[in-house]
Amino acid sequence: MLSTQYPRCCPVILLLLLKLVLAQYEHLGYPPGYPDPEQEHYTAPQLTADTPRIQLRLAGDKRKHNEGRVEVFYNSEWGTVCDDDFNIHAAQVVCRELGYVEAISWSPSSKYGKGQGPIWFDNLHCSGKERTLALCPSNGIGVSDCKHSEDVGVVCSDKRIPGFKFVNTLHNHVENLDIQVEDVRIRAILSSYRKRIPVTEGYVEVKDGGKWKQICNTEWTEFNSRVICGMFGFPGERKYNARVYKMFARRRKPTFWDFSVNCTGNEAHLSSCKLGHATLLKSNGTCAGGLPVVVSCVPGRTFAATPMMGFRKQPLVRLRGGAFVGEGRVEVLKNGEWGTICDDNWNLLSATVVCRELGFGTAKEALSGGRLGQGMGPVHMNEVKCSGFEKSITDCLFNKEALGCSHEEDAAVRCNIPAMGFQERLRLSGGRNPYEGRVEVLVERNGSLVWGTVCSEGWGTMEAMVVCRQLGLGFASNAFQETWYWPGEVSADAVVMSGVRCSGTEMSLSHCLHHGDHLNCPKGGGRNAAGVSCSDTAPDLVLNPQVVEQTTYMEDRPMFMLQCAYEENCLTSTSGQTPANSYRRLLRFSSQIHNNGQADFRPKASRNSWVWHECHRHYHSMEVFTLYDLFSLNGTKVAEGHKASFCLEDSECDEGVEKRYECANFGEQGITVSCWDTYRHDIDCQWVDITDVKPGDYIFQIVINPNYEVPETDYSNNIVKCRCRYDGHRVWMYSCHNVNKLIYTSNIHVQSLWAT
């Protein structure tokens, strides 16, 4: 008889194994809306009488509002902190003293620019537990042998400490002290605005010490309103009906914050504004003006309640390569050609000008180093310097000699956009980590909201892209039509959405075409429901149009030399009746396909499902990788070709980038980031069969990844078009250019979120 007793060490071993399994997903973090670990609540520091009283702020050339040069106010003067012996523990003390949950990193050598005034702290040795930087052991306050080239900076977490209470430890008013509160919101007051999504008008409230408080309007300016609206994703502010709010304030007694706000109008976040005077409250608890601050914001075109009518001029700036609305690599139009911006001196001020110009709010991050993919074409602007009030990034000062910049330094932005509540109506269930699972949507059925699955029939990359975007999880890495391996919520097995067809740019799955209330899904939900896996990064393939133009020529090739090409359907249908000793006329060219994205381009099919072609003796990892079409000037297709992805590999790479993929000997296939795969003009099938084409003028078109089998950051740049002239003896290709498809997302679904 077998013993049923297990060793006592088993639970310990199982616990260790569980920790190891979970650890492999720690780097993914938690997506927005996913439950986070409980955070401790703030308690005001109890300082002894002999503790030096200081105040901190983050200053300098920022790329996020929650980072900057550490500056200390002491003895009525602002100064800095030296980077000698500074470490993450000291950064932790700084961030927590400013009300952030934790420090992310720190930077030496005046990364955020050189400060001014005394260097108050040097050789800090913090444990990370100190309540104030003044309690960390150091050389002594004001004792330093450093220069401002050694000023230290920190990056703090976005999250604020729950219950954080702003405390002015200095009795006198501190000029230029940054505002630090637990949270900020626009609270809709009028019933007509409470029903609207997004919230565009209401009280400005700050959360301080765990309580929401209004701000007295006696010192409030339009610059303050501009900053608040920008924080919440709106490009501008407007006037409102003050009489209505005055009546409301009389009925309900406000609770005012202790301070006023002093913004210049170009700040990206309230925390970059300066603290104003202390609020003078009357005996009845009202401020001198007696009214709480109200803002009314103007939403951008994408989020407007009704479409804006009238003439719309060609935009001079656009965003490319981002996973979400309001983020991407910044590209500007100059002399009819799109180009990028170099990241030298790129900061929040310049990024915010871009965001407002495009109808979003202020920038929440100014990205550098080609973080959202590399562009092609010229670098139009370098060393951009904006005041923050320009109407367009092209109005800002910049170095017109954009020398020394490569696309590895392309600037990008992440803009604040209005909270639309899309994430609350979708979830992934049953996955091994927060980035994968069965797709479950929240819909209304018989007057109540229920969760259910999505029919997987026709489910593909574009639909998965929308799901990942809606959940804030980046790009799709895979779309699944079976999810039996992901047991979702049993109560959500029923199909509640079918016939989903997306263009890939929608902000919500509900914006895609679908069957509505009349569902049609023969397979049903449960194990056959739609699923996705998401990724922070994705590749981006771009064809070099100049290579096509420079390598085009015509060749007459005998049919007996085209047997392999015939077997792979690389000739027109009439070639089947062509004698072996006759010729086919081929339009030949080279194609150089760059991966300018953030992840390697890998074929969708795994190696075990690649198809071996005996004639050419190679594996096809994607049957259709590119399409080649010749059109008449009226759009009629007159000839076509295609290229399977045999030998998908790194032909060349940018300097410093190592090749990773080589298809020889059944090797791995793919294209590394910053590398390109060149299909030379002398390779079989690298042509269009024009034997039956009459002389004339035509349009030649190449489409990469035409079936969207592999997710990319940007499909709008996958087409190249050229003008083609064929006189019966020679062929010319000219005016080759990347075609940026304009994909319009309807506002109809966004409008439906607004109350009538």
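Heads up: the structure comes first, above all this text.
Keep in mind that this is a model prediction, so the values were computed, not measured.

(A) Layout of the environment of leucine 133. Following the sequence through the fold, leucine 133 ends up in the loop between strand E5 (119-121) and strand E6 (153-156). Residue classification places leucine 133 among the buried positions, given a relative accessible area of 0%. Counting along the chain gives 61 residues from leucine 133 to valine 72, while the straight-line C-alpha distance between them is 9.3 Å.

(B) A look at a positive patch on the surface. Where like charges cluster on the molecular surface, the positive patch consists of Arg194, Lys195, Arg251 and Arg252. Inspection of the secondary structure puts lysine 195 in the loop between helix H3 (191-194) and strand E8 (201-208). By relative accessible area, which is 58% here, lysine 195 ends up exposed.

(C) Just the sheet that holds strand E27 (residues 541-543), in detail. With antiparallel pairing, the 4 strands of this open sheet are ordered in space as E27-E30-E36-E35. Sheet topology places E27 and strand E35 (652-653) at the edges, where each strand pairs with a single neighbour. Of the strand pairs in this sheet, strand E30 (residues 591-595) and strand E36 (residues 675-679) are connected by 4 bridges, and their pairing is antiparallel. Across the sheet, serine 591 pairs through a bridge with tyrosine 679, a residue of E36.

(D) Up close: the state of the cysteines. The full count for this structure, using the stated rule, is 15 disulfides. Put simply, cysteine 216 and cysteine 287 are joined by a disulfide, and their sulfur atoms are 2.1 Å apart. Judged by the sign of its S-S torsion, about 80°, the cystine formed by cysteine 216 and cysteine 287 is right-handed. Of this pair, cysteine 216 sits in the loop between strand E9 (211-214) and helix H4 (222-231) while cysteine 287 sits in the loop between strand E12 (274-278) and strand E13 (294-298), and the two are 71 residues apart along the sequence. Among the residues examined, cysteine 216 registers a relative accessible area of 4% and is labelled buried. Judged by relative accessible area, which is 0%, cysteine 287 ranks as buried. Paired through a disulfide, cysteine 502 and cysteine 512 show a sulfur-sulfur distance of 2.1 Å. Because the sign of the S-S torsion sets the handedness, a value of about 105° for the bond joining cysteine 502 and cysteine 512 places this disulfide among the right-handed ones. With a gap of 10 residues between them, cysteine 502 in the loop between strand E25 (495-497) and strand E26 (531-535) and cysteine 512 in the loop between E25 and E26 connect regions that are remote in the sequence. Accessibility expressed as a relative area gives 11% for cysteine 502, which makes it buried.

(E) Inspection of the sheet that holds strand E29 (residues 583-588) at higher detail. Ordered by their spatial adjacency, 3 strands build an open sheet running E28-E29-E37, and the pairing between neighbours is antiparallel. Each edge of the sheet is formed by a strand with only one pairing partner; in this case those strands are strand E28 (553-558) and strand E37 (687-689). Geometrically, the sheet is characterised by an average inter-axis angle of 35° between neighbouring strands, direction not taken into account. Direction of pairing for E28 relative to E29: antiparallel, over a ladder of 6 bridges.

(F) A look at unusual backbone geometry. Residue proline 198 is reached from isoleucine 197 by a cis peptide bond, and omega for that bond is 0°. With respect to the element layout, proline 198 can be found in the loop between H3 and E8. Of note in this structure, serine 110 is not a glycine but carries a positive phi near 45°. Examined against the element boundaries, serine 110 turns out to sit in the loop between strand E4 (103-107) and E5. Phi at glutamate 383 is positive, roughly 50°, even though this residue is not glycine. Looking at where glutamate 383 falls in the secondary structure, it is placed in strand E18 (residues 379-385).

(G) Representation of the packing of aromatic side chains. Going through the model one piece at a time under the given rule, you end up with 19 aromatic pairs. Aromatic side chains tyrosine 240 and tyrosine 245 sit 5.6 Å apart centroid to centroid with 90° between the ring planes, which places their arrangement in the edge-to-face category. What makes tyrosine 245 buried here is its relative accessible area of 4%. Pairing phenylalanine 589 with tyrosine 628 gives two aromatic rings, centres 4.9 Å apart and planes at 90°, and the pair type is edge-to-face. One end of the pair, phenylalanine 589, is in the loop between E29 and E30; the other, tyrosine 628, is in strand E33 (residues 626-632), with 39 residues separating them in the sequence. No difference in accessibility class separates phenylalanine 589 from tyrosine 628, as the two residues are buried. Its end group placed over the ring of tryptophan 78, arginine 57 keeps NZ or CZ at 3.9 Å from the ring centre.

Rules of the game
Residues numbered from 1 in each chain as written. Predicted model: local features only at pLDDT ≥ 70, side-chain atom pairs only at ≥ 80, totals over all residues. Heavy atoms only, no water. Helix = DSSP H or I, 4+ residues; strand = E, 2+ residues; numbered from the N terminus. Buried < 20%, exposed > 50% of the residue type's maximum accessible area, 1.4 Å probe, protein only. Patch = residues over 30% accessible without salt bridge, like charges linked within 9 Å, V, L, I, M, F, W, Y side chains within 5 Å. Areas by Shrake-Rupley, 256 points an atom, 1.4 Å probe, with all protein chains shown as cover. Salt bridge = Lys/Arg side-chain N within 4 Å of Asp/Glu carboxyl O. Lys, Arg positive; Asp, Glu negative; His and termini not counted. Charge placed at Lys NZ, Arg CZ, Asp CG, Glu CD. Pairing = 2+ DSSP bridges. Disulfide = S-S within 2.5 Å. Axes fitted to C-alpha atoms, helices over the stretch in contact; angles between N-to-C directions. Phe/Tyr/Trp six-rings, centres within 6.5 Å; stacked < 30°, edge-to-face > 60°. Lys NZ or Arg CZ within 6 Å of the ring centre and 35° of its normal.

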